[in-house]
Amino acid sequence: MCIRDSLYKDWWCFLIAPLEQKLITNKISPNFLTVLSLFFSILTAVLYFYGLIFLASIFLLAGSTFDMLDGRIARMTNSQSDIGSFLDSVLDRLCESVIMVGIFLFYYPNPFSIILMFAAIFSLTVSYVKSAADNLGLKSNVGLMQRADRVVYLGIGAVSYTHLTLPTKRIV
């Protein structure tokens with residue numbers, strides 16, 4: 001079941017529960033899902049770079065879903081490991097960074113790219129603070145803009161972009 005830390009996450013957990021059960025039934029490794037989320041993040045970055053905003057947002061959601069499922073399935077199947085946790089943590093930061101680079105390159109040299117640079121920095125900072133707090137045994141699953149929230153806001157922002165008048169690139 002979903003951990004109650006985000007309205008978006010709770011709602012999405014409800015929607016993907018059948019997929020979760022299918023993955024468990026087929027004995028799909030949580031580490032495979034972690035790597036799959038990186039693959040989707042790279043595709044997402046490329047799609048953002050080429051200005052395929054709506055499609056990129058779909059891939060963002062798919063990749064984030066696999067990222068959510070890896071830990072959930074590891075816990076449900078009692079297959080958690082330090083290596084899996086480390087891999088998930090490192091690839092989470094890499095996924096967010098790759099996606100932000102794709103969006104940054106899409107907007108560059110528009111001044112909006114500066115906002116994206118700060119968004120990337122703060123995104124990584126939030127993750128680091130959570131990790132540092134966890135290492136010290138402090139409660140860190142609180143606050144604004146946790147990963148699920150960032151994904152939702154990025155997706156909504158990206159789809160909303162298609163209705164703005166900022167300059168766009170043409171697909172090469």
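Anything mentioned here points back to the structure above.
Since this is a predicted model, take the numbers as computed values, not measurements.

Cut-off values and rules
- Throughout this description, residue numbers start from 1 for each chain and increase along the sequence as written.
- In keeping with the predicted nature of the model, local features appear solely for residues at pLDDT of at least 70, side-chain atom pairs appear and are counted solely at 80 or more, and the whole-chain, interface and lining totals rest on all residues.
- For side-chain calculations, the full set of non-hydrogen atoms in the structure is used, while hydrogens and water are omitted.
- A run of H or I in DSSP counts as a helix once it spans at least four residues, and a run of E counts as a strand once it spans at least two, with each numbered from the N terminus.
- With a 1.4 Å probe rolled over the protein chains alone, any residue whose accessible area is under 20% of its type maximum counts as buried; one over 50% counts as exposed, and the rest are partly exposed.
- By definition in these notes, contact holds between two residues if any of their heavy atoms fall within 4.5 Å.
- Per-residue accessibility takes into account occlusion by the displayed protein chains alone, with areas from the Shrake-Rupley method and a 1.4 Å probe.
- Buried residues of nine kinds, namely Ala, Val, Leu, Ile, Met, Phe, Trp, Tyr and Cys, make up a nonpolar core once their side-chain atoms join them within 4.5 Å.
- Axis definition: a line fitted to C-alpha atoms, over the contacting stretch in the case of helices. Angles run 0 to 180 degrees between N-to-C directions.
- Here the angle decides the label: under 35 degrees means roughly parallel, over 145 means roughly antiparallel, 65 to 115 means roughly perpendicular, and every other value means oblique.
- The classification used treats Ala, Val, Leu, Ile, Met, Phe, Trp, Tyr, Cys and Pro as nonpolar, Asp, Glu, Lys and Arg as charged, and all other residues, Gly among them, as polar.
- Definition used for salt bridges: Asp or Glu carboxyl oxygen within 4 Å of a side-chain nitrogen of Lys or Arg.
- Only rings of Phe, Tyr and Trp enter the pairing, Trp through its six-membered ring, and a pair is recorded when the two centres are within 6.5 Å. The plane angle decides the type: under 30 degrees is stacked, over 60 is edge-to-face, the rest tilted.

(A) Up close: the overall build of the protein. If you tally the helices and strands in the protein, you get six helices and zero strands. For the protein, the α and β elements follow one another from N to C terminus as α-α-α-α-α-α. For the protein, the proportion of its 172 residues judged to be buried stands at 37%. If you take every contact in the protein between residues at least 6 apart in sequence, the share linking residues at least 24 apart comes to 75%. Carbon and sulfur atoms provide 72% of the accessible area of the protein, an area that totals close to 10600 Å².

(B) Seen up close, unusual backbone geometry. Residue Tyr 108 is joined to Pro 109 through a cis peptide bond whose omega torsion reads 10°. Examined against the element boundaries, Pro 109 turns out to sit in the loop between helix H4 (82-107) and helix H5 (112-135). With phi around 55°, Lys 27 is a residue other than glycine that occupies positive phi space. The backbone phi angle of Asn 78 is positive, close to 55°, even though this residue is not glycine. As for its position among the elements, Asn 78 is in the loop between helix H3 (53-76) and H4.

(C) Local environment of the nonpolar core. Judged by nonpolar contacts, Trp 12, Cys 13, Ile 16, Leu 23, Leu 33, Leu 36, Phe 40, Phe 66, Met 68, Leu 69 and Ile 73 together constitute the single largest core of eleven residues. Other than its neighbours up to four places away in sequence, Trp 12 contacts Leu 61, Thr 65 and Met 68. Membership of the second largest hydrophobic core comes to ten residues, among which are Ile 53, Ala 56, Tyr 107 and Leu 116.

(D) Representation of the packing of H3 against H4 in the model. It is the contact of H3 with H4, at a shortest axis distance of 11 Å, that shows an interaxial angle of 175°. In terms of their interaxial angle, H3 and H4 are classed as roughly antiparallel. Contact with H3, carried on its side by Ile 53, Leu 60, Asp 67 and Asp 70, involves Asp 88, Asp 92, Ile 99 and Phe 106 of H4 and no other residues of that element. For the contact of H3 with H4, the residue count by class is four nonpolar, no polar and four charged.

(E) Spotlight on the pattern of salt bridges. The final tally for this structure, using the stated rule, is three salt bridges. A salt bridge links Arg 72 to Glu 20; the shortest N-O distance between them is 2.6 Å. Placement of Arg 72 in helix H3 and of Glu 20 in helix H1 (residues 7-25) is noted, with a sequence separation of 52 residues between them. Each member of the pair, Arg 72 as well as Glu 20, carries the same accessibility label: buried. Linking Arg 93 and Asp 92 is a salt bridge whose minimum nitrogen-to-oxygen distance equals 4.0 Å. What makes Arg 93 partly exposed here is its relative accessible area of 24%.

(F) Here's a closer look at the packing of helix H2 (residues 30-49) against H4. Orientation of H2 relative to H4, taken along the N-to-C sense of each, is 5°, at an axis distance of 7 Å. Classified by the interaxial angle, the pair formed by H2 and H4 is roughly parallel. Residues Asn 31, Thr 34, Val 35, Ser 37, Leu 38, Ser 41, Ile 42, Thr 44, Ala 45, Tyr 48 and Phe 49 of H2 lie in contact with H4, whose contacting residues are Gly 84, Leu 87, Asp 88, Leu 91, Leu 94, Cys 95, Val 98, Ile 99, Gly 102, Ile 103, Leu 105 and Phe 106. Grouping the constituent residues of the contact of H2 with H4 by class yields 15 nonpolar, seven polar and one charged.

(G) Seen up close, the packing of aromatic side chains. Scanning the entire structure with this criterion turns up six aromatic pairs. With centroids separated by 6.0 Å and ring planes inclined at 90°, the aromatic side chains of Phe 39 and Phe 40 adopt a geometry described as edge-to-face. Ring plane angle 75° and centroid distance 5.1 Å describe the contact between Phe 106 and Tyr 107, whose orientation is recorded as edge-to-face. On the basis of relative accessibility, which here comes to 4%, the residue Phe 106 falls in the buried class. One aromatic cluster in this structure is built from Phe 39, Phe 40, Phe 59 and Phe 66.

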